[in-house]
Structures are given as C-alpha cells and as structure tokens.
Amino acid sequence: MPRQYDERKVLASTVDAWGRALWLICEDARFQPQPHGWRSVEPPELPFDALLVIRDGAHVRERTLNGVATVPRQIDAPARDEFVLYGFGRGDRDPRDGQIFDRRGRSRRRFAMGSGLLHMAADGRANLWTGYNDEGIYGDPIGAGALVRWDTSGNRQHGFHPPKPYHVVVGIDALNVTDSVVRTAYSGPGSPLAELRAGEPIRIRELPVADAWGLAVRDDRLLLLGGAEPGTARVHLRQVHHCRLTDGGAVITGRGELTWPNGDPVRRYTRPVGRGPHLYVRNRPSMRQWYVLSVP
C-alpha cells in the first residue's frame with residue numbers, strides 16, 4: 001500500500017483482473033477482537049463513506065464509495081470503474097450482503113450473495129464468481145451451486161454442475177479466474193480440478209493433492225499451494241506443489257516450501273487470489289502488502 005496511507009485502517013483488499021491492487025479504507029474504523037486472538041477492522045457505524053485506493057503500477061488514485069451499508073470483507077472490480085463489496089450487517093436481518101458501486105462511487109444496488117462465501121473474483125468480462133464452503137452449499141439456496149456466476153447488476157446467472165462421478169461438491173477450495181477460463185479445485189471424490197470455458201463443457205482432471213488453498217496455471221504447468229497428498233490427513237499450508245497437467249489429471253514434478261521475500265517461513269496467510277499464472281498472497285493479520293507467486 002502507498003506510504004501516504006500507512007496510518008489508515010484497511011477493511012478489505014484484493015488484486016483485480018487488471019493487476020491493480022485495491023484497498024478499502026475507513027478513516028474512523030476500530031479494531032474488534034475475534035476468536036483465536038485475531039482482530040478485525042470495522043467501521044463505527046453503518047452506512048459510512050469509504051476511501052478506495054487503487055494502485056496500478058506506479059499510478060495511485062482514489063475513489064470515495066458513498067453509503068457502504070455492510071462491514072466489508074471482500075472487494076473486487078467486475079468492470080474497471082465499478083466495484084462490488086461483500087460483507088455483513090450488524091445485528092439486523094437484512095440478507096443483502098453484497099453491494100455494487102458505479103463509476104462515481106454511488107451505491108447502485110444491494111443484493112444477497114449467500115452465506116459461507118470463501119472466494120470472490122471478477123474475470124474482466126463483467127462476470128463475478130463466488131465460491132462457497134459446505135455451509136453455503138448445503139445451508140443456503142444462493143450458494144447451492146458451490147461456484148456461482150453473477151453479472152454486473154448483481155443477478156445470479158448460474159451455479160456449478162460438474163458431471164458424474166465428480167458431481168458431489170463439498171466446498172470450493174481454490175479458485176483461479178482469468179478473462180477466458182475459470183478453474184477451481186474443489187472438495188469431492190477424486191480431488192477434482194474443474195476447468196470452465198465459455199461455450200464448452202466442463203473439463204475435469206483428478207489432482208494428486210486435496211484441499212489446496214491456491215492454484216495457478218501456465219500452459220500445462222500447474223502450481224498448487226497448500227493441501228494434503230494421498231495418505232496424509234494434515235493440510236500443509238506452506239507446501240508448494242509443482243505439477244504437470246495431463247489429459248485426465250496432474251503429476252507432481254517438484255515440491256517446495258513457501259517463504260516471504262526476506263526468507264521467513266510463511267506460517268499463515270489468507271485465501272490467495274489466483275489469476276492465470278499468478279497467485280497473490282498476503283499475510284493474514286495485514287492487508288497492506290501483497291506478494292506474488294508465479295508459475296515459471
């Protein structure tokens with residue numbers, strides 16, 4: 001994050017389909033204690049006006065989002081000058097946890113995005129994709145499709161229906177979105193990797209790693225971050241698996257341990273943002289710095 005914002009509190013952040021880093025800032029936000037010793041950042045009241053900082057290479061610009069009606073947890077840009085937030089309310093029963101803002105920063109629509117949302121990524125073609133855990137898939141009709149596509153007006157387009165015998169989806173583990181293809185590793189028999197291209201049937205490959213937290217792809221090379229190999233029950237978040245894609249699966253060609261640029265081991269991180277050959281990772285307590293792990 002640019003240094004001039006060092007003292008500001010960040011509510012949500014991502015790297016969008018155009019490679020821009022986005023930070024949503026609230027001037028008066030406060031830290032709130034959470035289980036396991038973590039602290040979340042929340043605005044003092046709803047609705048509120050938030051400052052959006054957009055860094056595109058060396059260029060930095062600001063946008064004010066007026067009337068933010070949720071406590072934001074995720075942000076993305078389905079179009080270059082439009083933004084969508086996902087969050088939650090405070091003690092009310094309003095299910096509209098999604099909010100879209102136009103190019104002038106005005107709230108254009110609020111809509112329900114469902115519970116158990118783990119992933120949210122726009123693809124640069126005016127589509128927004130959301131992936132859910134088992135709570136959202138089996139406990140809420142919105143997330144029943146596991147991986148859901150939305151248009152820029154917040155209308156649910158369709159869910160995810162992989163073919164048998166890969167049709168059982170317990171949860172979306174990792175998501176990678178580009179303007180031409182969407183890939184997801186999900187929990188289900190065979191540890192499947194699904195590839196979705198417009199106008200084509202879903203392609204499924206079986207992975208040698210289950211419960212991956214992140215994935216990146218370049219040609220026939222696949223990088224999986226985290227996960228557990230067959231015969232092991234523990235998920236190793238620092239493990240990096242280098243794989244080669246085959247017609248029906250993938251073969252592990254190398255392994256490594258994820259470290260920060262200074263050499264420190266990576267102990268915890270948030271759900272990565274996968275975009276083509278790049279996997280964007282940030283430290284769990286901080287939203288100020290993004291790191292990129294790329295397929296060679």
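Criteria and cut-off values
Residues numbered from 1 in each chain as written. Predicted model: local features only at pLDDT ≥ 70, side-chain atom pairs only at ≥ 80, totals over all residues. Heavy atoms only, no water. Salt bridge = Lys/Arg side-chain N within 4 Å of Asp/Glu carboxyl O. Buried < 20%, exposed > 50% of the residue type's maximum accessible area, 1.4 Å probe, protein only. Helix = DSSP H or I, 4+ residues; strand = E, 2+ residues; numbered from the N terminus. Pairing = 2+ DSSP bridges. Axes fitted to C-alpha atoms, helices over the stretch in contact; angles between N-to-C directions. 1 Å grid on protein atoms, 1.4 Å probe; cavity = no way out; pocket = protein on both sides within 12 Å on 5 of 7 lines; lining within 4 Å. Points joined across faces, edges and corners; volume = space filled by probe spheres on them. Nonpolar A, V, L, I, M, F, W, Y, C, P; charged D, E, K, R; others polar. Core = buried A, V, L, I, M, F, W, Y, C linked by side-chain atoms within 4.5 Å. Contact = heavy atoms within 4.5 Å.

Things to note about the pattern of salt bridges
Logical step 1: For the coordinates displayed, the defined rule picks out 18 salt bridges.
Logical step 2: Between arginine 20 and aspartate 16 there is a salt bridge, with its nearest N and O atoms 2.6 Å apart.
Logical step 3: Given a relative accessible area of 2%, arginine 20 falls into the buried group.
Logical step 4: Judged by relative accessible area, which is 1%, aspartate 16 ranks as buried.
Logical step 5: Notably, a salt bridge pairs aspartate 81 with arginine 61, separated by 3.6 Å at the nearest N-O pair. Placement of the pair is aspartate 81 in the loop between strand 7 (71–79) and strand 8 (82–88) and arginine 61 in strand 6 (residues 59–68), with a sequence separation of 20 residues.
Logical step 6: Assessed through its relative accessible area of 23%, aspartate 81 is described here as partly exposed.
Logical step 7: If you follow the salt bridges from partner to partner, you end up with Arg61, Arg63, Asp81 and Arg103 in one network.

Overview of the sheet that holds strand 20 (residues 221–225)
Logical step 1: In space, the four strands of this open sheet follow the order 19-20-21-22, with antiparallel pairing throughout. One side of each edge strand has no neighbouring strand; the edge strands of this open sheet are strand 19 (214–218) and strand 22 (250–257). Across the sheet, the axes of successive neighbouring strands diverge by a mean angle of 20 degrees, strand direction being ignored.
Logical step 2: As paired elements, strand 19 and strand 20 share five bridges and run antiparallel to each other. From the neighbouring strand, glycine 214 faces strand 20, where its bridge partner is leucine 225.

Here's the deal with the sheet that holds strand 8
Logical step 1: Ordered in space as 7-8-9-10, the four strands form an open sheet in which the pairing is antiparallel. Of all strands in the sheet, those with a lone pairing partner are strand 7 and strand 10 (107–111), marking the two edges. Neighbour to neighbour, the strand axes of the sheet diverge by 20 degrees on average, direction disregarded.

Regarding empty space enclosed by the protein
Logical step 1: Taken as a whole and assessed by the stated rule, the structure comprises one cavity of 30 Å³ or more.
Logical step 2: Counted as a void, the largest cavity has a volume near 40 Å³.
Logical step 3: Along the walls of the largest cavity sit Pro78, Val84, Ile100, Phe111, Leu128, Trp150, Asp151, Thr152 and Gly154, which together make up its complete lining.
Logical step 4: Per-class residue counts for the lining of the largest cavity are six nonpolar, two polar and one charged.

As for the pairing of strand 20
Logical step 1: Burial of strand 20 is extensive: four of the five residues sit out of reach of the surface.
Logical step 2: Once strand 19 ends, the chain turns through two residues before running back antiparallel as strand 20, passing aspartate 219 with a positive phi of about 55 degrees.
Logical step 3: Strand direction decides the pairing type here: strand 20 and strand 21 (residues 239–245), joined by five bridges, are antiparallel. What sits directly across from leucine 225, in strand 21, is valine 240.

A few points about the nonpolar core
What tends to happen in soluble globular proteins is that the nonpolar side chains get buried as a cluster.
Logical step 1: By size, the foremost hydrophobic cluster in this structure holds 29 residues, and its most contacted members are Met113, Leu147, Trp150, Phe160 and Tyr186.
Logical step 2: Those elements giving two or more residues to this core turn out to be strand 8, strand 11 (117–122), strand 12 (128–132), strand 13 (147–150), strand 15 (171–177), strand 16 (181–187) and strand 17 (192–197).
Logical step 3: Per element, the largest residue contribution to this core is four residues, and it comes from strand 11.
Logical step 4: In this structure, tryptophan 150 is in contact with Phe111, Ala112, Met113, Ala126, Asn127, Leu128, Thr130, Tyr132, Ile142, Asn155, Arg156 and Gln157, ignoring residues within four places of it in sequence.

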